[in-house]
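# An overview of the molecular structure
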Protein chains: 4
Amino acid sequence: MTDPNLTEAPPIAEGQPEPSEALEQLYADFARNSTSPLWTQTNDLMPLAPKPAAVPFVWKWSELVDIAERAGDLVPVGRGGERRAIGLTNPGLAPTAYATPTLWCAIQWLGPHETAPEHRHAQNAFRFVVEGEGVWTVVNGDPVAMRRGDLLMTPGWNFHGHHNDTDQPMAWIDGLDVPFAHDMDLGFFEFGSERVTDEATPEISRSERMWAHPGLTPLVSQQEQVSTPIAAYRWEYTDRALAEQLALEDEGHPATVEPGHAAIKYTNPTNGGDVLPTIRCEFHRLRTGTKTATRQEVGSSIWQVFEGSGRVILNGDATELVRGDIFVVPSWVAWSLEADEQFDLFRFSDAPIVERLHFQRTYFPEAGRFLPGSRG
Amino acid sequence: MTDPNLTEAPPIAEGQPEPSEALEQLYADFARNSTSPLWTQTNDLMPLAPKPAAVPFVWKWSELVDIAERAGDLVPVGRGGERRAIGLTNPGLAPTAYATPTLWCAIQWLGPHETAPEHRHAQNAFRFVVEGEGVWTVVNGDPVAMRRGDLLMTPGWNFHGHHNDTDQPMAWIDGLDVPFAHDMDLGFFEFGSERVTDEATPEISRSERMWAHPGLTPLVSQQEQVSTPIAAYRWEYTDRALAEQLALEDEGHPATVEPGHAAIKYTNPTNGGDVLPTIRCEFHRLRTGTKTATRQEVGSSIWQVFEGSGRVILNGDATELVRGDIFVVPSWVAWSLEADEQFDLFRFSDAPIVERLHFQRTYFPEAGRFLPGSRG
Amino acid sequence: MTDPNLTEAPPIAEGQPEPSEALEQLYADFARNSTSPLWTQTNDLMPLAPKPAAVPFVWKWSELVDIAERAGDLVPVGRGGERRAIGLTNPGLAPTAYATPTLWCAIQWLGPHETAPEHRHAQNAFRFVVEGEGVWTVVNGDPVAMRRGDLLMTPGWNFHGHHNDTDQPMAWIDGLDVPFAHDMDLGFFEFGSERVTDEATPEISRSERMWAHPGLTPLVSQQEQVSTPIAAYRWEYTDRALAEQLALEDEGHPATVEPGHAAIKYTNPTNGGDVLPTIRCEFHRLRTGTKTATRQEVGSSIWQVFEGSGRVILNGDATELVRGDIFVVPSWVAWSLEADEQFDLFRFSDAPIVERLHFQRTYFPEAGRFLPGSRG
Amino acid sequence: MTDPNLTEAPPIAEGQPEPSEALEQLYADFARNSTSPLWTQTNDLMPLAPKPAAVPFVWKWSELVDIAERAGDLVPVGRGGERRAIGLTNPGLAPTAYATPTLWCAIQWLGPHETAPEHRHAQNAFRFVVEGEGVWTVVNGDPVAMRRGDLLMTPGWNFHGHHNDTDQPMAWIDGLDVPFAHDMDLGFFEFGSERVTDEATPEISRSERMWAHPGLTPLVSQQEQVSTPIAAYRWEYTDRALAEQLALEDEGHPATVEPGHAAIKYTNPTNGGDVLPTIRCEFHRLRTGTKTATRQEVGSSIWQVFEGSGRVILNGDATELVRGDIFVVPSWVAWSLEADEQFDLFRFSDAPIVERLHFQRTYFPEAGRFLPGSRG
């Protein structure tokens with residue numbers, strides 16, 4: 001194909017008609033008839049490559065925590081507002097709190113002994129915990145402990161609430177497909193209990209006891225499920241899986257995405273696919289000094305630094321990152337990462353939307369090649 | 001679940017904090033940090049049921065043809081503008097020519113012996129011909145005749161152009177997933193030949209000769225394909241399939257969607273699924289006097305009357321329809337049809353997006369029940 | 001991999017123990033305990049490549065018709081025996097009427113105005129008609145006309161009977177997975193009506209009226225089905241599809257399996273896959289003078305000449321073939337075809353069993369290469 | 001459907017022709033033409049329900065170990081015989097060492113510091129360890145420790161050998177699809193190294209380090225795989241999963257197959273399906289005193305007692321069982337289990353063959369009902 005980053009304007013001007021009174025009248029009639037001609041919109045509507053309204057952007061965790069803590073003091077949590085969640089607003093998509101055209105990302109804050117009431121929605125959701133503990137998310141009556149490094153799932157149409165069982169506040173990030181569901185008119189919402197329906201505080205959830213065994217599934221529940229039945233992916237397993245990939249690499253075996261770059265995908269054990277129909281979740285670990293290849297991908301993703309430091313280069317601009325920092329990579333934006341020390345990052349993206357609808361392409365601009373399987 | 005049409009406001013007010021100077025400062029800091037609190041947006045972002053910005057709307061074919069004909073006189077077709085296509089602009093989504101949040105629909109006009117140059121794009125496209133003939137769409141070098149009642153496919157990333165081989169103009173509708181690809185940043189575009197690459201005018205295309213045999217596929221090409229390899233679904237087959245369903249119903253056999261309502265889905269013969277990854281195409285035939293059940297569905301669709309007359313009732317408002325008239329049904333809008341004489345309608349929708357991402361629900365408000373398999 | 005036709009004995013002898021009294025006692029105890037050591041069986045049980053008990057074999061249609069006709073005179077058809085079907089017995093699998101380890105093939109004969117009573121079985125079945133007409137197979141109450149060149153389906157657990165509506169006898173072949181179902185203990189059988197349940201004699205069946213439209217499926221029936229819902233694949237469509245492939249080849253377009261060799265697969269329109277879960281059906285047409293490449297495939301198949309003449313070469317031995325002749329190709333037997341005139345052949349095989357269980361390999365001995373995707 | 005256990009003879013006699021000289025001549029000509037009439041075979045070939053040649057049978061572990069140990073003294077292991085494996089021979093299928101028509105099961109014995117050389121075959125294999133340890137199976141160069149309770153996988157066409165690193169012998173069971181592959185002519189075999197290619201003795205294999213993390217898969221390897229990439233399913237996980245099911249049952253949550261009966265399926269994490277294309281592996285745990293419902297299933301299975309005691313009732317006959325005892329359940333044989341103390345059993349079956357080819361039925365004779373989804 002042509003250079004995917006071709007920026008020169010296509011020769012749209014050639015296609016424009018000569019001005020005239022009749023043309024003016026025609027254009028007025030287009031509007032009057034609720035129509036609009038393609039030839040005035042082509043460049044914008046159908047660009048040579050994605051030109052996202054969303055921009056690459058970085059939020060500093062320290063600032064997010066500061067405003068969340070102040071919200072904790074000033075804003076009650078309860079029925080109506082539902083959650084003390086502060087959405088990351090991509091400057092290209094403001095004022096609505098869209099991080100990307102598909103993904104919502106918010107920092108949620110729950111004070112000591114507070115409860116966020118139960119509700120459910122068609123939108124798919126998860127939580128990721130970069131620090132702290134002490135909150136339980138109750139999913140369809142199953143209390144799920146939230147601890148640093150854990151990924152907690154609340155797939156669409158499952159009732160869920162949160163309660164803080166400690167004397168300390170806790171913050172975490174929520175990820176949802178709210179922008180996608182909103183713009184495509186897919187969402188439903190239902191209020192549930194004003195309290196969580198089970199205030200028990202077990203170390204692990206019932207869903208984990210049923211499902212979080214490597215390669216083993218309960219015989220009683222063998223139907224494929226749309227979303228993962230595992231309510232919590234615990235940090236100890238993620239950490240171990242990444243450590244093993246790097247150790248295998250050290251021993252000379254293929255295990256990593258590229259040298260020094262380990263990564264896992266969180267999966268639905270009933271089909272081996274993504275945890276949610278619309279959201280992919282991954283975790284990446286870079287060795288000290290690793291620099292990834294630069295990639296351009298169709299679809300958007302959001303990353304949060306879990307540990308370590310380094311930088312992300314987005315369309316050529318580097319930003320330094322430390323624990324908790326969050327950045328967004330809009331569609332087709334060139335990104336790469338560099339690790340100053342061991343660098344752990346959580347990622348979520350709309351890849352299932354892109355792939356199930358067959359729009360996926362990945363391009364390595366430095367190598368000038370597409371990933372095999374990319375259409376194009 | 002709760003009444004899917006519940007319109008009373010959820011008690012969001014209860015969730016709002018007391019005004020104060022500190023709160024004012026916090027809200028300012030939200031904005032300064034590119035964030036926005038959920039509790040001020042819940043109703044709008046996550047309604048109880050879809051509240052589309054798109055509105056139910058009807059375009060009259062006679063008016064569309066009038067402005068298209070005038071555009072034929074005033075606007076050249078060629079490189080840059082690419083197509084003399086006039087997009088239907090949903091008043092709720094204006095000024096961009098979106099018919100729904102996912103679907104583009106345009107009337108295209110090609111004058112005698114004109115050529116619309118070749119290009120390709122990741123966006124998926126089709127044409128449907130409500131009247132006329134004489135144009136060939138050339139898809140990857142394969143000339144495809146366009147005639148009344150035919151559905152012509154140009155799946156994503158196939159080069160295609162059109163040329164009119166006659167002394168008469170021709171008009172038809174184009175359907176694409178342009179709004180979806182644009183808003184989700186999925187699109188790529190590439191210019192091709194300024195002329196069509198094969199000016200032959202065969203009755204049927206090579207793709208039909210390979211693929212359009214009932215239940216038979218070429219042994220040489222047994223891989224599943226993302227989109228249908230059939231470039232044209234001819235009216236004679238559609239008409240016959242619908243007539244047979246009604247005849248079988250007359251003979252006492254189950255064949256129709258509901259009494260007096262025959263319907264077919266156009267399918268990809270390599271997997272039995274939808275013709276395009278993002279767009280479903282159907283054709284419906286109602287006997288004289290038939291009134292369909294009222295349905296609410298997640299996802300949007302666009303209908304064009306092919307023949308006959310009757311009316312559509314959209315959220316309770318009836319509009320009379322004749323040949324060529326086009327109407328749009330946004331997500332969750334209640335719709336039903338009534339036939340004054342045999343009533344033939346072509347339909348396309350974003351159902352593959354909705355279903356592959358598992359948001360589908362169908363509700364029958366008169367019966368107060370959901371379709372089995374609907375989540376909810 | 002090693003030469004797939006390696007015939008030298010593997011060094012099994014090296015693995016054998018020294019004879020001794022203790023060994024003799026051990027071998028006796030093996031038998032007494034219902035056990036048997038692998039080291040005495042390896043060569044036979046796990047050969048280097050398939051060594052079928054079934055042999056390549058050809059049945060002459062003229063002889064089959066002769067004995068079927070005499071059976072028509074001597075053997076009643078009715079409840080108990082159920083069908084006047086004479087099974088082709090592979091000499092390597094005699095005395096049971098297995099054509100291959102998976103496939104049953106029989107010539108069935110039905111005299112003027114005779115009826116073969118209804119029954120159903122888990123085993124999957126089809127009929128192929130090489131000559132004659134006048135019989136209707138009634139499948140779950142739907143009468144299906146049988147005519148020269150037609151393929152008629154009776155998937156597992158559908159009631160079916162046959163009745164001859166004419167003053168002439170008719171013969172055809174039945175294909176089933178009876179050996180497979182029998183040896184794997186999968187079969188169920190149930191008697192139905194002693195007569196066919198509908199004696200109507202329509203030109204086409206209701207199933208065709210619903211389903212045999214190219215690329216169109218009824219909206220009322222969108223669930224994937226295990227077997228094809230099309231009860232009859234008519235000769236006119238098969239003939240046309242093959243003729244088009246050869247015409248396209250003449251015009252310089254890729255359409256055939258190899259030069260001069262057109263072929264179609266009969267498919268299930270609900271998923272694009274095989275017509276039956278265990279049996280693949282194909283039709284092949286060779287131009288005059290065509291010689292196919294030699295192939296070795298895992299799994300067995302049965303061919304019947306429909307029209308024309310030529311020969312099959314099976315493991316190097318050629319046999320002349322004329323209309324109606326049937327030959328069997330056991331697993332991994334090298335086969336090729338040569339056409340003296342336009343040569344039309346129907347084929348069925350156990351390929352769905354082989355492929356769904358991932359044992360498929362295809363080898364081209366002349367080229368010394370495997371088909372891509374073959375494991376090995 | 002009719003009673004699935006109907007045993008009265010179907011009225012085949014009615015279908016038989018009158019004896020005559022002409023008939024005698026016809027029958028002779030059938031044989032001469034390598035054909036055989038259906039009406040003399042119907043009852044046998046197509047019974048009302050499966051009538052397996054294989055019989056229900058129990059092998060005592062103590063006797064198997066005894067003969068295996070003596071074979072260890074008398075029979076060398078090495079190239080040619082390949083394995084010191086003693087196959088369980090179903091008396092109904094003797095003299096070939098088939099446990100069922102599809103499944104091979106053997107006790108394998110490897111003496112101190114012995115090596116079973118490497119080879120590979122299209123047949124799929126696993127090992128299950130009921131007692132002992134000290135052997136490593138090397139799968140494509142990856143050493144896999146074998147310990148009590150572990151399930152070890154060697155899917156088709158992977159090189160594998162075994163070596164005993166200790167001064168003690170070790171025994172385990174091998175499960176393969178050898179009968180199926182042999183009878184259907186699907187098998188290929190290739191000799192590899194005379195020694196294992198890696199004599200390292202790690203606690204866990206590289207495959208486990210990559211793949212045996214609950215719900216996590218390596219990003220570098222996201223293609224669906226035909227067989228599981230996990231080489232060992234460790235007892236600690238199986239034990240924990242079963243214990244949790246029973247604990248959840250105690251707490252009042254649905255978790256077990258039926259009261260007191262926990263069970264897991266070993267799965268392929270790349271698709272959530274069976275570990276091998278032809279073989280399903282499960283593990284069952286019954287509480288003391290539990291009696292399962294009686295089931296009849298299409299397809300055959302083999303069970304080994306891992307721990308505890310109780311009995312199996314096969315077609316009404318009870319056999320007492322202790323650690324290591326193995327029994328076979330042919331197709332459609334009624335089985336149930338009773339536990340005298342906590343009763344742990346490993347099971348493998350040909351369910352993937354049955355289900356992928358859509359022959360599955362399960363019947364509960366005590367309740368007189370089929371499992372939903374059973375055809376029939």
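Refer to the structure printed above.
Every value quoted in this text rests on a predicted model; they were computed, and no experiment measured them.

Thresholds, definitions, all that
Residues numbered from 1 in each chain as written. Chains lettered and ligands numbered in written order. Predicted model: local features only at pLDDT ≥ 70, side-chain atom pairs only at ≥ 80, totals over all residues. Heavy atoms only, no water. Helix = DSSP H or I, 4+ residues; strand = E, 2+ residues; numbered from the N terminus. Rg over C-alpha atoms; globule rule 2.2 N^0.38 Å. Buried < 20%, exposed > 50% of the residue type's maximum accessible area, 1.4 Å probe, protein only. Contact = heavy atoms within 4.5 Å. Areas by Shrake-Rupley, 256 points an atom, 1.4 Å probe, with all protein chains shown as cover. Lys, Arg positive; Asp, Glu negative; His and termini not counted. Charge placed at Lys NZ, Arg CZ, Asp CG, Glu CD. Least-squares fit on C-alpha atoms with pLDDT ≥ 70 in both. Buried area = accessible area lost by both parts, 1.4 Å probe. Salt bridge = Lys/Arg side-chain N within 4 Å of Asp/Glu carboxyl O. Polar contact = N/O pair within 3.5 Å; in protein donor to acceptor, adjacent residues only side chain to side chain. Pairing = 2+ DSSP bridges. Axes fitted to C-alpha atoms, helices over the stretch in contact; angles between N-to-C directions. Nonpolar A, V, L, I, M, F, W, Y, C, P; charged D, E, K, R; others polar. Expected span 1.5 Å × (residues − 1). Arc of directions from axis to C-beta. Phe/Tyr/Trp six-rings, centres within 6.5 Å; stacked < 30°, edge-to-face > 60°. Lys NZ or Arg CZ within 6 Å of the ring centre and 35° of its normal. Parallel < 35°, antiparallel > 145°, perpendicular 65-115°, else oblique. Left-handed = near helix turned anticlockwise from the far one by under 90°.

### Remarks on the overall build of chain A
- A tally of helices and strands in chain A yields 7 helices and 26 strands.
- In summary, chain A has a C-alpha radius of gyration of 23 Å against a globular reference of 21 Å for 376 residues, a match within 12%.
- Projected onto its principal axes, the C-alpha coordinates of chain A cover approximately 75 × 55 × 45 Å.
- Taking all 376 residues of chain A together, the buried fraction comes to 65%.
- Expressed as a percentage of contacts within chain A between residues at least 6 apart in sequence, the contacts between residues at least 24 apart total 74%.
- With the model as given, the accessible surface of chain A reaches about 12200 Å², and the carbon-plus-sulfur share is 49%.
- Looking at chain A, you have 29 positive and 53 negative side-chain charges, and the mean spots of the two groups are 4 Å apart.

### Some points on the relation of the copies chain A and chain B
- It takes a turn of 180° to lay chain A on chain B, together with a shift of 0.0 Å along the axis; the resulting RMSD is 0.0 Å. The two molecules are tied by a two-fold rotation axis, judged by turn and shift. Within chain A, the C-alpha atom positioned nearest to the axis of rotation is that of Arg356(A), 3.3 Å from it.
- Mapped onto chain B, 100% of the interface residues of chain A again fall at the interface, so both copies present the same surface.

### Section: the interface of chain D and chain C
- Across the contact, 102 residues belong to chain D and 102 residues belong to chain C.
- Between chain D and chain C, a total of about 8400 Å² is buried, with carbon and sulfur atoms accounting for 67% of that surface.
- On the chain D side of the contact with chain C, Asp185(D), Phe188(D) and Phe359(D) bury the most area, a combined 9% of that side's loss.
- Linking chain D to chain C there are 2 salt bridges.
- Between chain D and chain C we count 21 residue pairs in polar contact (both at pLDDT 80 or more) in total.
- Note: strand E1 (residues 35-37) of chain C against strand E3 (residues 85-88) of chain D, 3 bridges, orientation antiparallel. Its bridge partner being in E3(D), Ser36(C) is matched across the sheet by Gly87(D).

### Side note on the relation of the copies chain D and chain C
- Expressed as a screw transformation, the operator carrying chain D onto chain C has a rotation angle of 180° and an axial translation of 0.0 Å, and the superposed copies differ by an RMSD of 0.0 Å.
- Most of the interface of chain D is mirrored in chain C: 100% of its interface residues are interface residues there too.

### Here we look at the sheet that holds strand E22 (residues 335-339) of chain D
Residue and element names in this part refer to chain D.
- Spatially, the 3 strands line up as an open sheet ordered E20-E19-E22, and their pairing is antiparallel. A strand with exactly one partner marks an edge of an open sheet, and here the two such strands are strand E20 (317-321) and E22. Taken pair by pair, the neighbouring strands of this sheet meet at an average axis angle of 20°, ignoring direction.
- Pairing of strand E19 (residues 310-314) with E20, which is carried by 5 bridges, proceeds in the antiparallel orientation. Within the sheet, the bridge partner assigned to Val 312 lies in E20 and is Thr 319.

### What to know about the interface of chain A and chain B
- Counting residues at the interface gives 102 residues for chain A, matched by 102 residues for chain B.
- The contact between chain A and chain B buries some 8400 Å² in all, and 67% of this surface belongs to carbon and sulfur atoms.
- Taken as a group, Asp185(A), Phe188(A) and Phe359(A) account for 9% of the area that chain A buries against chain B, more than any other trio of residues on that side.
- With a shortest N-O distance of 2.7 Å, Asp29(B) and Arg70(A) are connected by a salt bridge.
- Summed over the shared surface of chain A and chain B, the result is 21 residue pairs in polar contact (both at pLDDT 80 or more).
- For the side of chain A that touches chain B, the residue count by class is 56 nonpolar, 29 polar and 17 charged.

### What to know about the environment of Asn90(B)
All names here are of chain B.
- Its location among the elements puts Asn 90 in the loop between strand E3 (85-88) and strand E4 (104-110).
- With 34 residues separating them in the primary sequence, Asn 90 and Pro 56 have C-alpha atoms 8.2 Å apart.
- Polar side-chain contacts of Asn 90 include one of 3.0 Å to the backbone oxygen of Ala 99.

### What about helix H1 (residues 21-32) of chain C?
- The terminal C-alpha atoms of H1(C), which comprises 12 residues, lie 16 Å apart, in line with the 16 Å expected from a rise of 1.5 Å per residue.
- Taken together, the buried positions of H1(C) are occupied by Leu23(C), Leu26(C), Asp29(C) and Phe30(C). The buried residues of H1(C) occupy an angular sector of 120° when projected down its axis, which confines them to one face. Among the exposed residues of H1(C), those pointing more than 90 degrees away from its buried face are Glu21(C), Glu24(C), Ala31(C) and Arg32(C).
- Where H1(C) is buried, its residues meet E1 of chain C together with helix H3 (61-74) and E3 of chain D.
- Just downstream of H1(C) lies Ser34(C), where phi reads positive at about 55°.

### As for the packing of aromatic side chains
- Overall, the coordinates contain 86 aromatic pairs over all chains when judged by the stated rule.
- Seen from their ring centres, Phe128(A) and Phe346(A) are 4.2 Å apart, and the 5° between their planes marks the pair as stacked. In this pair, Phe128(A) is assigned in strand E6 (residues 125-128) and Phe346(A) in strand E24 (residues 343-349), connecting sequence segments 218 residues apart. The burial state of Phe128(A) is the same as that of Phe346(A); both residues are buried.
- For the cation-ring pair, Arg361(C) lies above Phe188(D), with the distance from its terminal atom to the ring centre recorded as 3.9 Å.

### Things to note about the arrangement of the chains
- The two units chain A and chain C remain apart, with a minimum C-alpha distance of 16 Å.
- The two units chain B and chain D are non-contacting; their minimal C-alpha-C-alpha distance is 16 Å.

### Digging into the side chain of Thr294(B)
All names here are of chain B.
- Looking at the secondary structure, you find Thr 294 in the loop between strand E16 (280-286) and strand E17 (296-297).
- Given the relative accessible area of 12%, Thr 294 is considered buried.
- Among the polar contacts listed, one links the side chain of Thr 294 to the side chain of Glu 366, at a separation of 2.5 Å.

### Focus on the pairing of strand E19 (residues 301-307) of chain C
Residues and elements named next belong to chain C.
- Along E19, 6 of the 7 residues are buried, which leaves the element largely enclosed by surrounding structure.
- Where E19 meets strand E22 (residues 326-329), 4 bridges bridge the pair, whose relative direction is antiparallel. Looking at E22, one finds that Ser 301 is bridged to Val 329.
- Bridge analysis of E19 against strand E24 (residues 343-349) gives 6 bridges, and the strand direction is antiparallel. If you follow Val 305 over to E24, its bridge partner there is Leu 345.

### Here we look at the sheet that holds strand E19 (residues 310-314) of chain B
Residue and element names in this part refer to chain B.
- Ordered by their spatial adjacency, 3 strands build an open sheet running E20-E19-E22, and the pairing between neighbours is antiparallel. The open sheet terminates on both sides in strands that have one partner only, identified here as strand E20 (317-321) and strand E22 (335-339). Adjacent strand axes in the sheet meet at a mean angle of 20° when their direction is disregarded.
- Both E19 and E22 contribute to a ladder of 5 bridges, which runs antiparallel. Along E22, the bridge assignment pairs Ile 313 with Ser 336.

### Describing unusual backbone geometry
All names here are of chain A.
- A cis amide bond, omega 10°, links Ala 94 with the succeeding residue Pro 95.
- Looking at where Pro 95 falls in the secondary structure, it is placed in the loop between strand E3 (85-88) and strand E4 (104-110).
- Phi angles above zero are rare outside glycine, and Glu 82 is one such case at about 75°.
- Looking at the secondary structure, you find Glu 82 in the loop between helix H3 (61-74) and E3.
- On the basis of relative accessibility, which here comes to 1%, the residue Glu 82 falls in the buried class.

### Remarks on the packing of H3(A) against helix H1 (residues 21-32) of chain B
- H1(B) packs onto H3(A) with a crossing angle of 150° between their chain directions and a minimal axis gap of 10 Å. Classed by the angle they form, the pair H3(A) and H1(B) counts as roughly antiparallel. As for how H3(A) packs across H1(B), the hand of that crossing is left-handed. Taken together, the residues of H1(B) that come into contact with H3(A) (itself represented by Ile67(A), Arg70(A), Ala71(A) and Leu74(A)) are Ala22(B), Leu23(B), Gln25(B), Leu26(B), Asp29(B) and Phe30(B).
- The residue inventory of the contact of H3(A) with H1(B), partitioned by class, reads 7 nonpolar, 1 polar and 2 charged.

### Some words on the side chain of Glu114(D)
Residue and element names in this part refer to chain D.
- Inspection of the secondary structure puts Glu 114 in the loop between strand E4 (104-110) and strand E5 (115-121).
- In this structure the side chain of Glu 114 is engaged in a polar contact, spanning 2.7 Å, whose partner is the side chain of Arg 84.
- Setting aside chain neighbours within four positions, we find Glu 114 in contact with Val 77, Arg 84, Trp 109, His 162, His 163 and Asn 164.

Geometric descriptors of this kind do not, in isolation, establish any biological role.
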